[in-house]
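Overview (structure and organization)
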Amino acid sequence: MNALLNPAPTARQAQRAAFESNKLAKRLRREVGQAIADFNMIETGDKVMVCLSGGKDSFALLDILLFLREHAPIGFDIVAVNLDQKQPGFPAEVLPDYLRSIAVPFHIENEDTYSIVKRVIPAGKTTCSLCSRLRRGVLYRVACELGATKIALGHHRDDILQTLFLNMFFGGKLKSMPPKLVSDDGRNIVIRPLAYCRESDLETWAEQRAFPIIPCNLCGSQPNLQRQQVKQMLRDWEKRFPGRIETMFRSLANVVPSHLLDARLFDFAGLVATGTPDPEGDLAFDPQALPPVAPQVIDFMAHDD
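Conventions adopted
- Residues numbered from 1 in each chain as written.
- Predicted model: local features only at pLDDT ≥ 70, side-chain atom pairs only at ≥ 80, totals over all residues.
- Heavy atoms only, no water.
- Helix = DSSP H or I, 4+ residues; strand = E, 2+ residues; numbered from the N terminus.
- Buried < 20%, exposed > 50% of the residue type's maximum accessible area, 1.4 Å probe, protein only.
- Salt bridge = Lys/Arg side-chain N within 4 Å of Asp/Glu carboxyl O.
- Arc of directions from axis to C-beta.
- Contact = heavy atoms within 4.5 Å.

Attention shifts here to unusual backbone geometry. Glycine aside, negative phi is the norm for most residues, and most peptide bonds take the trans geometry. The backbone phi angle of Ala 103 is positive, close to 55°, even though this residue is not glycine. With respect to the helices, strands and loops of the structure, Ala 103 is situated in the loop between helix 4 (94-101) and strand 3 (106-110). Accessibility expressed as a relative area gives 68% for Ala 103, which makes it exposed. The phi dihedral of Ala 210 is positive, around 55°, even though this residue is not glycine. Mapped onto the elements, Ala 210 comes out in the loop between helix 8 (199-209) and helix 9 (226-240).

What follows deals with the pattern of salt bridges. This model, assessed by the stated rule, comprises 25 salt bridges. When the shortest N-O distance is used, the salt bridge between Asp 46 and Lys 150 registers 2.7 Å. In this pair, Asp 46 is assigned in the loop between helix 2 (11-38) and strand 1 (47-51) and Lys 150 in strand 4 (residues 150-152), connecting sequence segments 104 residues apart. In terms of burial, Asp 46 and Lys 150 fall into one category: buried. Note that Arg 141 and Glu 109 form a salt bridge whose closest N and O atoms lie 2.9 Å from each other. Taken together, the positions of Arg 141 in helix 6 (residues 128-146) and Glu 109 in strand 3 put the pair 32 residues apart, joining distant regions of the chain. We classify Arg 141 as partly exposed; its relative accessible area is 29%. Note on Glu 109: relative accessible area 13%, which makes it buried.

For helix 10 (residues 244-251), the set of buried residues is Ile 245, Met 248 and Phe 249. Along helix 10, the residues classed as buried sweep out an arc of 100° about the axis, all on the same side. Buried residues along helix 10 sit against helix 7 (157-171) and helix 9.

As structure tokens, then:
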């Protein structure tokens, strides 16, 4: 009966699936390589600490960086790090078993931040803010102990856009997630190599690679988070207006301070009429060609074999 309901794929279907999988792999590797090159995320001799949570994004990040390490023109090391936050029912053996199976150096840090979050945050309130702060502090410390020069996080393009709108809607700031930054303690460089990758592509990649996904019992139990609402809003926009998300994301790299309202970024008070045309004048709604892409620092692109 099952064979009738789910017939085996034909040779043509299998060939097509393999083609699509290969195309997706090349796209993700190309996008990660482009982000690394555009922002000089990884340099010769770096030890990159990949923060592995057990979710699809961090699995994909590790998987793609391992591939790029073998094909990059520079040498760098990778160590995978997981913070076991002692959530009830967390399958502690899953990540070590997976990492051993792919022969990746790893470190499991045991820190009961779960109990702290549950004790401090009232029932029904959002736990993400405190949880992320505690987790961030532990990972910064571990990076120093391991001698890591870069901390790689698995935030992708959709996370970056969601953060932009969250800050606008609820924080009154025009601010998002940078692809590269200095950590809060000033001792680490944090990078987001998945900055150009779509979440939908990462979801498909996780299925194809059969990563052993571990759900988060803290965040996953809060369906009405503001981030979830913004995520749904953006997905609705993309469904109704295909291409809008891509255009919005490009805008983050094409900022015009003279056409915003932050006097700290542009000297509005000191503006004077000079009597000569200004190419940066009042052209807010005129069509403009996008500037050329900045030259790459390192050719991290994954070339076709």
